[in-house]
Every structure is written in C-alpha cells, then in structure tokens.
Amino acid sequence: MAWLRRSEVVIAGILLLAMILIGLVNPAFWQADNLFSLMRSNVIIGIMALGVLMIMISGGIDVSFPAFAVAAMYLTVKFMLWSGYEGIAFAFAMAAMIGLLLGAINAFFVYKFRMIPLIVTLGTGSMVRGFLLGVVGTSMININKMPDGLIDFAKIDIVSMTKADGTTYGLTAMVLVYLGLALIVHMVLRYTMVGRGVYAYGGDPEAASRAGFDIRLILFFIYCFAGALAGFAGLLHAGMIWLANPRDFVGLELDVIAAVVLGGASIFGGRGSVLGTMLGVFMLVMVKNSLIIMKIDTTWQRVVVGVIIIIATAVTAWRDQKRKA
Amino acid sequence: MTDPFIELRNIRKEFAGVVALDDMSLTVREAEIHCLAGENGSGKSTIIKVMSGVYQPDRGEILIRGQQVPRLNPIASIDHGIQVIYQDFSLFGNLTVAENLAMNVQLREKHRLMNWRRTREIAREAVDRLGVELDLDAEVGHLPTAGKQLVAIARALMSDARLIIMDEPTTALTRREVETLFRIVRDIQSRGIAVLFVSHKMREMLEISETITVMRNGSLVADGPTSEFDEALITRHMTGSDIISEPYVWTPPSGAPQSPRLEVRGLGLKGAYEDVDLTIRPGEIVGLTGLMGSGRTELALSLFGMAPADHGDVKVDGKPVALRTTQEAIAAGIAYVPEDRLSEGLFLTQSIDRNILSTSYEALSPGLTIDKTRAAEMAAETIDTMQIATPTGDKLVKELSGGNQQRVVLGRWLLTDARVLILNGPTVGVDVGSKAEIHRKIRDLAREQGLAVLMISDDVPELVQNCNRLVLMHRGRLVEEFESAGTSEEAIGDKLKAFR
C-alpha cells in the first residue's frame, strides 16, 4: 500500500476531513455557490503557487512574485489604456513577459553570485514595488477605466445557475486556465529533463552539476517561469476583480508559500508535486474562506496562515528527517 | 600482466604557486585491482581529478590505451570509460533508485524529455549487470550507506566503464559490508574492468589489490605488485618514517588497591544494552568492540548523559554520579569524543581557540565576562601540548586535517579536568601518521595523568595495540573480556565473525 503513504493522499485525506468538519459547522459550505466561489479564489493563488513550487523544489524560495505580479499587471493595464488595445492575447503575453524578465533578474543573481534566493527575491521584490509606485504611479485604475476586453474575458463562466431569489452565479472559466497551467507545470516537472533537473538540483546541487545537468538553464528556467506565471496571474486578477491596484498583493507571498508547504513541498528542496500544491492551495483558501463565513475578524486570518505555515513546515521537516535517518 | 589502460607520466600540477602534484606517475592496467595509497593531503584527490578530467596538468603526459591524450576534460574522460565514485556518491536522495541509475545515461543521450519506461529499463539493466537486489522504486535517501554505494557502482557500470575509481569506498562501511563490496569489486574485475581503490586503510589494500602505488607529498614514492608490500613498508612509504608500535602495557600499582576511576554496575537501557558491569582503573585503556548495533555506542552515550540509562549505577572515583544530562557527565569528569567528530564534536566554522575553549567558558567566566588573558593562555597551551599543526589559533577548524581536528577535540577535554575519557572511533578518517600521533597522545594521557580511557572502535588492530584490556559486546551485553597481552587480532576477529 505504498500509495497510501504518498503525501498527496495524506493531504487529500486531511482536506476531505476538514471539508466534512466545516460542512458540519456550517452546512452552507456545501452549497454550489460557495463551492464555486471557493474554486474562483483558488485561481490566482494557485497559479502563483505553481511558480513558487518549482522554486521550492530547487531548494530556493521566492518572495518577489507578488511584486512582479503587481508590476506586470499595472504596466500592462496602463499600456492597454494608452494604446487602446482591446484584445487579451497580447495583454497576457506582455504581462507574462514582464514577469519573465523580472524573474531572469532573480535567476541571474542566484546563479551568478550563488546568492541565497530569499535575499535575492526580498531585494528584487522591494525594488520592483518601489519602482512601480515611484516611477509608474500610485493611482488605482477602476472599473470605469478598465479595458473591457479583459473584464469580459474574466467574466466567462463554465456553468451558470440562477438562485431562487433571481440572482445568478456560476463557475468561472478561469478555473480551466488554472488547471491548464497546472497540467503544463506538472508535465514539465515530470516528463522533461529540465524538470527532473529541478528535483536533482534541489536534492543535491553539487551532484546535479557533476551528473551533467545544465545548472544555468535550470535556474533561469524556474525563476523565469515563476515570474511569467506571477505576471500572468497578476493581470488575470485585475480582470477578475475589475480593478488594477498598484498596491495589490501585499503579504500574498506568505499565503502562497503556506499553501505550497501545506501541499507537501519541502523547504529544503527536492520534494513537492503539482497535485499536492493544488490540494494545499485549496486547503488554505478553504480555511480562509470558512473564517470569513464564520464571521471571524480578518486579522485572525493572519494568525491562521502563520500557524499553518509553521505546522506544515514542521510536519514536512519531520518527515524529511525521518527519511534521512 | 595485462596492457596498461591509463598511464600518467611525470604529472605536475600547481595551484596558485602551491605544488599539489610533482613528477607523479601512475599506471593502471586493464582489469586490475589497483590501490592508490597516501596520507590525507598527499595529492590523491588531485590525481583522481586529473584522471577524471576536472584538472588539466601543468606538465606531463596522459596515455589511454597507449594513445596520447592531449587534453582530458570530464566528458572525454567519461567517454574513455573512466568513472569516479566519490565519497559522497553524488546520488540524489530525493529520487528513486531507478531514476538515479538512469539519469546519467539519459543526460548523455541528450534527451529533452524524460522517458519513465526507458528509465526503468536502464535501471533494471544496471542492477542485473551488477547482480544485486535493489528495489528500483525505493528512494535512495532511505537506503543504508552500503545500498547507496551499490547504486553508485551500478550507475558507474552503466556507462561502459573501463576503469572505476573509488575514493575511500570503505570509510562508512561495516566489516561485513566491506566484504560484500570486495566481492563486487572482484566481480567487476572479472568482466575486464579495472578498479582503482583510493584508500589509507592498509589491511584492506593488502587484501583486495594486485598492485599498489604509494604517493607522498604529490609524488610517486613506490609502486609494484601487492605481494612485495607489507603494512610496515606501506606505512614507511606513506609517512616517510617508521612508525614504531608497541602494545600498551599497564601494571596495577603496588601497595594499597586504588579505587577504580570508573565503575559501572548493572547498567541497562531498554532496547540497547543490559547488565553492563565495567571497571576501569586509573591509567587503564580499555577497548570496547562489537558489531554495529551491539549497543556499544548507546553505552557510550549513556555514560556521557546523552542517552541516560534506565537502571544501574555509575561511580567515578568511588563516588556515585547521576548522568542524566551532558552537563552532569562533564561535571562528573567524563569526556566524550564522538564517532562523527565533524558533526557532533566540532564547530567547523569557528576558530581553533574557540573550539578548544568551548567546554571551558563556564570556568573562564567567574563574573559576567570571559577572562580573555586566561583564555588565550589556555588555548595556546593546548595547541602546544596537543601539537596541533597551525600557525595561529585563529584558523578555522574546518581548514585543519582530520588528525589535527581530532587533537582539537581531545585537547578541549583535557581542559575540563576530565578523569574518564570515552573515545568512539578515535581515528576514523585519520591518516596513518596522525593516527600514531593520536595513539601516543592517548597513551600519555592515561599513563601520566591517570585517566581512565574507554576506546570504542571497529579497528581491532588499533584496540589490540593501544588497550591493555579488551571487552567484547554483543546484543547489548558484555560477553567476553581479554587481556590484550597474549591476545591476537585474529582471535578477536574470529570471535566477531562468530557473532553474525
């Protein structure tokens, strides 16, 4: 029964148990509109988590992605307004490209100077935020100015239903975007040599370079990919909330890292999976969502996220220690 | 004799003005088992790296199968069939056995995609070639050291190796695992693959190899068929001097019987050992050996308060002592030099001085501040008495050789006024010259300062040489006791074998 000991199965089990418990406390949890809104809340955190997952498997950590996301989002929206571009394909490509280039800066310092990723990303994140507010602007772009194409795209639902009181609700199609990206990251990690190299590098950087992996390629690949995912998620977020706020995403790094750790990735590198991360994201979003439903003050959410990050890290660290012994 | 596979002629290599290799020559023939012997720092690793193409020599020639190789880089070296198994194996603990085995082949074939079915096929083939049982789906991190080594060897064989270089392959293995390894090495040889063993363990070299090359200070000092060498000769070549070893003799003092330094009665720890009675008098060096898992390390840890015993009594100089914590053990005058001095015994990134003083800071700070003058004196004195080779006590411990590191640990305990010294594998990873020095030091401590020494080791010759009494442990019990005088190494080796 080896599959029973897989982290994903354990996490799924805990998730199911938590869902049952929450359902008992609050039967409204199982209603379709709540579940749909829950899945909607997964999209942005989830896409960002995919990038953080890759970096954590390599043994690094990224705290710069919220800044990259906000920069990509704000610059792209500004550009769309300035140029009058109404499509979405180029907009998302641009946002992803901005994130990718910023990610390359991270990769450069991590690779070239063998710097600790935490320090590098703390620095780049702070710089990017500062530049954005200082050079580009601090004003929010509200619904009345937001590009319509973007909002229309983010409005697409897969299913929509009508409640008894006549209001409609649905499951956003952005969930499909998230699932598609998750599938891509999964395939990359599992079925490409670069992906296996990420695991190898996270397991033992020295051995990975001795074995003949291209370390530069691996590092640039993950930091650029993570940056691109963040940029993409940033723009999608603006479309989904009809608002481009250059001060958005503050403190989001902790939520995302908590979700990735909750999903079984090791902070020491070498371990982690897309499925686990998606479960971790779902669990984190669900817990935060339940706190809101139960009308618990939002400040307490920070406490909960902190507790989750500590406990999940402790459990995975304990697991890894046991494996080593 | 077979044809030469690789010939290194008059190799010279300098690093920033420091000569690492000078006029070094080495010939490994096809399908032979060859030992490269030398002390730490003699240039063994450098010559391996020349063969694996990591370093380009400044002067000298490399011939492979009689052909001049103008420039040997890592890829060319692998293409020629040279595989190095490093001490740390270069494996990925977080990946499965199958992936570890197949990774190099997949990388060499320059695939962009990972083919899991092919991975399994490659891995299966690797394991079959070696003729061992390995669970392909197990994570390598879960395997014991010997298992990891098998994976590393199997992986090396996958690349159509003609020469496998093993860097200190037996360091972390138990005696039985060493025997398995030797069987595998002979099997590899029978397929026409040469094996170069890099080691400083003389007995193993003599047992396994057909040819020996000894190097010292980066140069070749002797080579020839193993039959022409014996331990004393290799030692002389390695160190450049004779190391005289005479057994340690201890005579009970005449007159009134002294109370024992250490007296252990009925000591037990559930699941580890039971009913341990042991008495060590001042000046005695008692050797303790047994197989891995016999409980010997646990016993040592109990005596040092790290794994407190469940029942039984311990007396030091006739006074009962409680050993529930390390602090209590130190206060009782017990000192412990751990098996893995690097991880347990030393602060590698700190200076020699600080390491020496680390157990004495309490005593050095009567008030709130440390008595710096006194501290400097004590550290300097210890460096002097322990003959630690360093220009200054500010040097970091990680820059010292293994033997010198061991002296730092020993020296530190002398400062704490220790009366009982427990040494767990005191010379693991230490070369012959330093080993003799450390042994001499331990004897001096016992003889002159009246310490009671408990020496735990796998190295039976080391124990017979340096202890006046030997105790055998098996399945958590002390099963037999010998006086060293009149006991041969072979007799004890046979007894240990019988335990299996």
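Under an unreviewed UniProt entry, chain B has the name Monosaccharide ABC transporter ATP-binding protein, CUT2 family (TC 3.A.1.2.-) and belongs to Tropicimonas isoalkanivorans.

Under an unreviewed UniProt entry, the name given to chain A is Monosaccharide ABC transporter membrane protein, CUT2 family (TC 3.A.1.2.-), and the source organism is Tropicimonas isoalkanivorans.

Here the focus is the overall build of chain A. When helices and strands are counted, chain A shows 13 helices and two strands. Relative to the 2.2 N^0.38 estimate, which gives 20 Å for 325 residues, the radius of gyration of chain A is 20 Å and therefore close to what a compact globule would have. For chain A, the spread of C-alpha atoms along the principal axes amounts to about 60 × 50 × 35 Å. The proportion of buried residues among the 325 residues of chain A is 53%. Roughly 14,800 Å² of accessible area belongs to chain A as shown, and the carbon and sulfur atoms make up 70% of that amount. Separation between the mean location of the 23 positive side-chain charges and that of the 16 negative ones in chain A comes to 8 Å.

The next thing to look at is the pairing of strand β12 (residues 273-280) of chain B. Residues and elements named next belong to chain B. Two strands pair when backbone bridges link them, and strand β11 (residues 262-269) and β12 are joined in this way by five bridges, in the antiparallel orientation. Among the inter-strand pairings, Glu-263 is bridged to a residue of β12, identified as Thr-279. Between the antiparallel neighbours β11 and β12 lie three residues, among them Gly-271 with a positive phi of about 80°.

Residue and element names in this part refer to chain B. Across the sheet, which stays open at both edges, the six strands sit in the order β6-β7-β8-β3-β9-β10 with mixed pairing between neighbours. Here the strands that pair on one side only, and so sit at the sheet edges, are β6 (82-85) and β10 (219-225). Ignoring strand direction, the axes of neighbouring strands in this sheet form an average angle of 20°. Against the sheet, helix α5 (residues 145-157) touches β6 and β7 (163-167), its axis set at about 170° to β6.

The partner chain A presents 19 residues to the 21 residues of chain B that form the contact. Overall, the association of chain B and chain A removes approximately 1,800 Å² of surface from exposure, summing both partners, and the carbon and sulfur fraction of that is 57%. Taken together, the connections running from chain B to chain A amount to two salt bridges. Across the salt bridge formed by Arg271(A) and Glu139(B), the nearest N and O atoms sit 2.7 Å from each other. Here chain B is connected to chain A by seven residue pairs in polar contact (both at pLDDT 80 or more). No other element matches helix α3 (residues 97-108) of chain B, which puts five residues into the side of chain B that touches chain A. Residues of the side of chain B that touches chain A, tallied by class, amount to nine nonpolar, eight polar and four charged.

Let us look at the sheet that holds strand β17 (residues 420-424) of chain B. All names here are of chain B. Here we have six strands laid out as an open sheet, ordered β16-β17-β18-β13-β19-β20, and mixed in their pairing. If you trace the sheet from one side to the other, it starts and ends with β16 (334-337) and β20 (477-483), each paired once. Recorded for the sheet is a direction-independent mean angle of 20° between the axes of neighbouring strands. As paired elements, strand β13 (residues 285-289) and strand β19 (residues 469-474) share four bridges and run parallel to each other. In the sheet register, Val-286 faces β19, and the bridge partner there is Arg-469. Those strands touched by helix α15 (residues 402-415) are β16 and β17, and its axis lies near 170° from that of β16.

Turning next to the domain arrangement of chain B. Residues and elements named next belong to chain B. In terms of domain boundaries, chain B breaks down into domain 1 (4-239) and domain 2 (262-498). The C-alpha centroid of domain 2 is placed 34 Å from the C-alpha centroid of domain 1. On the side of domain 2, ten residues touch domain 1, which itself brings ten residues to the contact. In this assembly, domain 1 packs against domain 2 so that about 800 Å² is buried in total across both faces, 59% of it on carbon and sulfur atoms. The interface formed by domain 1 and domain 2 contains zero salt bridges. At the level of secondary structure, the elements contributing two or more residues to the side of domain 1 that touches domain 2 comprise α7 (202-208) and α8 (231-239). With three residues, the single largest contributor to the side of domain 1 that touches domain 2 is α8. In terms of residue class, the side of domain 1 that touches domain 2 is made up of two nonpolar, five polar and three charged.

Before going further, it helps to examine unusual backbone geometry. Even without a glycine there, the phi angle at Trp242(A) is positive, about 60°. Assignment of secondary structure puts Trp242(A) in the loop between α10 (215-241) and α11 (252-262). We note that Asp275(B) has phi near 50°; this positive angle belongs to a residue other than glycine. If you trace the backbone, Asp275(B) turns up in strand β12.

On to the pairing of β11(B). Residues and elements named next belong to chain B. With six of its eight residues buried, β11 lies for the most part within the structure. Two strands pair when backbone bridges link them, and β11 and strand β14 (residues 311-316) are joined in this way by five bridges, in the antiparallel orientation. Pairing of Glu-263 across the sheet is with Lys-315, part of β14.

Residue and element names in this part refer to chain A. Summed over all chains, the structure comprises 14 aromatic pairs over all chains. Measuring from centroid to centroid gives 6.0 Å for Phe-79 and Phe-90, while their planes differ by 50°, and the two rings are tilted. One end of the pair, Phe-79, is in helix α3 (residues 65-83); the other, Phe-90, is in helix α4 (residues 89-112), with eleven residues separating them in the sequence. With relative accessibility at 43%, the residue Phe-90 sits in the partly exposed group. Note on Phe-108 and Phe-113: the rings are 6.0 Å apart at their centroids and 80° apart in plane angle, and the pair reads as edge-to-face. Among the aromatic side chains, those forming a connected cluster through ring pairs are Phe-79, Trp-82, Tyr-85 and Phe-90.

Right, let's get into the pattern of salt bridges. All names here are of chain A. Applying the stated criterion across every chain yields a total of 31 salt bridges over all chains. The closest approach of N and O atoms between Asp-33 and Lys-163, which form a salt bridge, is 2.9 Å. Residue Asp-33 is found in helix α2 (residues 32-57), and its partner Lys-163 is found in the loop between β1 (157-162) and β2 (168-172); the two are separated by 130 residues along the sequence. Take Asp-33: its relative accessible area is 23%, and that puts it in the partly exposed class. A relative accessible area of 36% means that Lys-163 is categorised as partly exposed.

Its place among the elements puts Gln405(B) in helix α15. For the pair Gln405(B) and Pro461(B), spaced 56 residues apart in sequence, the C-alpha separation works out to 22 Å.

Okay, the UniProt feature "transmembrane region" (unreviewed entry) in chain A next. In the numbering used here, UniProt assigns the "transmembrane region" (unreviewed entry) feature to residues 9-29, 35-56, 88-111, 118-141, 169-189, 217-243, 249-268 and 300-318 of chain A. The span residues 88-111 of chain A shows a helical share of 96% and a strand share of 0%, and its end C-alpha atoms are spaced 34 Å apart.

Before going further, it helps to spend a moment on helix α9 (residues 296-303) of chain B. With six of eight residues buried, α9(B) lies mostly within the body of the structure. Listed as buried for α9(B) are Arg296(B), Leu299(B), Ala300(B), Leu301(B), Ser302(B) and Leu303(B).

Time to look at the side chain of Ser360(B). You can see Ser360(B) is positioned in the loop between α12 (352-357) and α13 (361-364). Among residues more than four places away in sequence, those in contact with Ser360(B) are Met378(B), Leu415(B) and Thr416(B).

Moving on to α3(A). Compared with an ideal rise of 1.5 Å per residue, which puts 19 residues at 27 Å, α3(A) spans 26 Å between its outermost C-alpha atoms and is within 8% of the ideal. Phi turns positive one or two residues past the end of α3(A), at Gly84(A), with a value near 75°.

Calculation rules
Residues numbered from 1 in each chain as written. Chains lettered and ligands numbered in written order. Predicted model: local features only at pLDDT ≥ 70, side-chain atom pairs only at ≥ 80, totals over all residues. Heavy atoms only, no water. Helix = DSSP H or I, 4+ residues; strand = E, 2+ residues; numbered from the N terminus. Rg over C-alpha atoms; globule rule 2.2 N^0.38 Å. Buried < 20%, exposed > 50% of the residue type's maximum accessible area, 1.4 Å probe, protein only. Areas by Shrake-Rupley, 256 points an atom, 1.4 Å probe, with all protein chains shown as cover. Lys, Arg positive; Asp, Glu negative; His and termini not counted. Charge placed at Lys NZ, Arg CZ, Asp CG, Glu CD. Pairing = 2+ DSSP bridges. Axes fitted to C-alpha atoms, helices over the stretch in contact; angles between N-to-C directions. Contact = heavy atoms within 4.5 Å. Buried area = accessible area lost by both parts, 1.4 Å probe. Salt bridge = Lys/Arg side-chain N within 4 Å of Asp/Glu carboxyl O. Polar contact = N/O pair within 3.5 Å; in protein donor to acceptor, adjacent residues only side chain to side chain. Nonpolar A, V, L, I, M, F, W, Y, C, P; charged D, E, K, R; others polar. Domains from an automatic or database assignment. Phe/Tyr/Trp six-rings, centres within 6.5 Å; stacked < 30°, edge-to-face > 60°. UniProt positions renumbered as here; feature names shortened; annotations may be inferred. Expected span 1.5 Å × (residues − 1).

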